[in-house]
Amino acid sequence: MGLLAWEVIGVIDTEGDCAEWTFPADPGAVRTARAAVRGQLRTWDLDSVGDTAALLVSELVTNSLRHATGPIGVRLVRPAGLPDVLLVEVSDPLPDPPRERSVRPDDESGRGLQLVASSSRRWGSRPGDAGKTVWFELAVPG
């Protein structure tokens, strides 16, 4: 799968290696985003974080599909000078920041942001001119 150029929604410029894609707001976007992330991390020899990154991207792209319409952006960044960090960003045109929900044990949804928070080094969101970006950092083993 080749890299596709696209307009990044609310993403700041970052020096270092970068891969980015845009996906239409349809259910196939989750599977395609997961495959793109895994493929790029394999190219960068970062298979060690591939499962976690693909899972968390799946959660965030699913959230975007549920709450926003329009394109969904995914961006991976290996910041220059920080070999132990992988930055992952998911952007959509909805300006509302994400909110963690309280869920009951039998609820079938609502755990995505909790999963992102517990599986990443840190995470957050930032507004952009045309929506928002939710980001998280993964530690890359030395």
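This write-up is about the structure you can find in this document. What you see is a predicted model, and the numbers here were worked out from it, not measured in a lab.

### Regarding the environment of Leu 56
Thought 1: By the secondary structure assignment, Leu 56 is in helix α2 (residues 50–67).
Thought 2: Each C-alpha atom, one on Leu 56 and one on Gly 112, is 7.7 Å from the other, the two residues being 56 residues apart in sequence.
Thought 3: Contact partners of Leu 56, with chain neighbours within four places excluded, come to Leu 115, Val 116, Ser 119, Ser 120, Phe 136 and Leu 138.

### Notes on the nonpolar core
Thought 1: Judged by nonpolar contacts, the single largest core of 29 residues is most densely connected at Leu 41, Val 61, Val 74 and Leu 86.
Thought 2: Elements represented by at least two residues in this core include exactly β1 (16–23), α1 (28–43), α2, β2 (72–79), β3 (85–92), α3 (112–119) and β5 (131–139).
Thought 3: With six residues, α1 is the largest single contributor of residues to this core.

### Re the pairing of β2
Thought 1: Judged by how many residues are buried, β2 sits mostly within the fold: seven of eight residues are covered.
Thought 2: Judged from the five bridges that link them, β2 and β3 form a sheet pairing that is antiparallel. Of the residues in β3, the one forming a bridge with Arg 75 is Glu 89.

### A closer look at the pairing of β5
Thought 1: Buried residues dominate β5, accounting for eight of its nine residues.
Thought 2: Judged from the eight bridges that link them, β3 and β5 form a sheet pairing that is antiparallel. Note that in β5 the partner of Leu 86 across the bridge is Leu 138.
Thought 3: Relative to β5, strand β4 (residues 122–128) runs antiparallel, the two sharing seven bridges. Bridging across to β5, Gly 128 finds its partner in Gly 131.
Thought 4: Between β4 and β5, which follow one another and run antiparallel, lie two residues.

### Details of α2
Thought 1: If you check α2, its first and last C-alpha atoms are 26 Å apart, about what 18 residues at 1.5 Å a residue would give, namely 26 Å.
Thought 2: Turning to α2, its buried residues are Gly 50, Ala 53, Ala 54, Leu 56, Val 57, Ser 58, Leu 60, Val 61 and Ser 64.

### A closer look at α1
Thought 1: Here α1 spans 23 Å end to end across 16 residues, near enough to the 22 Å set by a 1.5 Å rise per residue.
Thought 2: Taken together, the buried positions of α1 are Gly 28, Ala 29, Val 30, Ala 33, Ala 36, Val 37, Gln 40 and Leu 41.
Thought 3: Positive backbone phi, approximately 60°, marks Asp 45, located one or two places after α1.

About the criteria used
- Residues numbered from 1 in each chain as written.
- Predicted model: local features only at pLDDT ≥ 70, side-chain atom pairs only at ≥ 80, totals over all residues.
- Heavy atoms only, no water.
- Helix = DSSP H or I, 4+ residues; strand = E, 2+ residues; numbered from the N terminus.
- Contact = heavy atoms within 4.5 Å.
- Core = buried A, V, L, I, M, F, W, Y, C linked by side-chain atoms within 4.5 Å.
- Buried < 20%, exposed > 50% of the residue type's maximum accessible area, 1.4 Å probe, protein only.
- Pairing = 2+ DSSP bridges.
- Expected span 1.5 Å × (residues − 1).

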